[in-house]
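# Topology and contacts: notes
Residues per chain, in single letters:
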Amino acid sequence: MTALVAAISGIYGLVIGSFLNVVIWRVPRHESLVKPPSHCPACDTKILNRDNIPVVSWLLLRGRCRNCGVAISPRYPFVELFTGVMFAAVGARFAHSWALPAYLVLTAALIALSAIDLEHYLLPNRIMYPTDVAFIVLLAAGSAGDQDMGAFGRAIIAGAIAFSIFFVIHIVSPRGMGFGDVRLSFLLGVSLGWIGWGELAGGLFAGFLYGAVVGVVLIAVKVRGRKQQIPFGPFLAAGAMTFILFGVQIVDWYRHLGR
Ligand SMILES: [Zn+2]
């Protein structure tokens, strides 16, 4: 059962990943998501349906446009493959919970937000707000399905707590943490709090830890100067996903350490 849900979620993820590529390119450029249909950025030729199969088409065309031969960035198949893998992992994790759709929506949004933040230092509200609404509605439905409305209440309180903590950090250090990160913290707080308080603390802490470690490494190898901005969103998202997927085991292991 778990393997089946993971496999179906993974295939679904490849297709969603293809859509995320459109989101990642167009949302920061304020373009429509539906019009015009996907086209080659160099020669403007519309991309045929048979050339739009996730990962496979890019490999068959050896990363080039069928019409003009211009190189298509490996970022496209990478986003598709990564989304497929993450969906499979979330599918396995929530195979026995009605909260699966909520966490798949969250996963897709976090991938799009992270990719845009890495390139543009921006977490667009055009993605954040619809995700907040969709995730909370689906999580409420999932909690009812799982007959665990207590988890839903805890999730909302956790979102408020996370938002408050990040808001205070933003007030103290507005350059260190943008308000986009504060908005994102609410979503991450809700998603982690639904699982448990330990996962909430661990997931947020892991985000800071990842950001700090990578920041120090980038400065050490002089890729980034001390004063240059490093996008924080992808690290917060990665920290949350770590504890969404493995938090129950990590928290359990941590509790046994003291005995
Ligand atoms: Zn072309």
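Preceding block: the structure.
Residues numbered from 1 in each chain as written. Predicted model: local features only at pLDDT ≥ 70, side-chain atom pairs only at ≥ 80, totals over all residues. Heavy atoms only, no water.

## Quick notes on the packing of aromatic side chains
The cut-off we apply is this: Pairing of aromatic side chains here covers Phe, Tyr and the six-membered ring of Trp, requires ring centres within 6.5 Å, and sorts the geometry by plane angle: under 30 degrees stacked, over 60 edge-to-face, intermediate tilted. Secondary structure counts use DSSP, requiring at least four H or I residues in a row for a helix and at least two E residues in a row for a strand, with both numbered from the N terminus. Relative accessibility thresholds used throughout: buried, under 20% of the residue-type maximum; exposed, over 50%; partly exposed, between the two (1.4 Å probe, protein chains only). In this analysis the charged atom, NZ for Lys or CZ for Arg, is taken to sit over a ring once it is within 6 Å of the ring centre and within 35 degrees of the ring normal.
All told, the structure shown has eleven aromatic pairs when counted by the stated rule. With centroids separated by 5.8 Å and ring planes inclined at 15°, the aromatic side chains of Phe78 and Phe82 adopt a geometry described as stacked. Here Phe82 and Phe78 lie together in helix α3 (residues 75–93), a separation of four residues that amounts to about one turn. By relative accessible area, which is 37% here, Phe82 ends up partly exposed. These aromatic residues form a ring-pair network of at least three members: Phe94, Tyr103, Phe135 and Trp194. Positioned over the ring face of Trp25 is Arg29, at 3.5 Å from the centre of the ring. Between the NZ or CZ atom of Arg93 and the centre of the ring of Phe94, over which it lies, the distance is 4.4 Å.

## Concerning the layout of surface pockets
We apply this condition: Put plainly, a pocket is an open set of points on a 1 Å grid over the protein atoms alone with protein on both sides within 12 Å along at least five of seven lines, a cavity is a set where a 1.4 Å probe fits but cannot get out, and a lining residue has an atom within 4 Å of a point. Grid points are joined across faces, edges and corners, and a volume is the space filled by probe spheres set on the points.
Considering only enclosed or pocket space, the largest pocket measures out at about 920 Å³ in volume. As for the largest pocket, its lining consists of 38 residues, of which Ser38, His39, Ile47, Asn52 and Tyr76 are closest to the centre. Sorting the residues of the lining of the largest pocket by element identifies α1 (2–26), α2 (56–60) and α3 as the ones contributing at least two each. Sort the elements by how many residues they give to the lining of the largest pocket and α1 lands first, with six residues.

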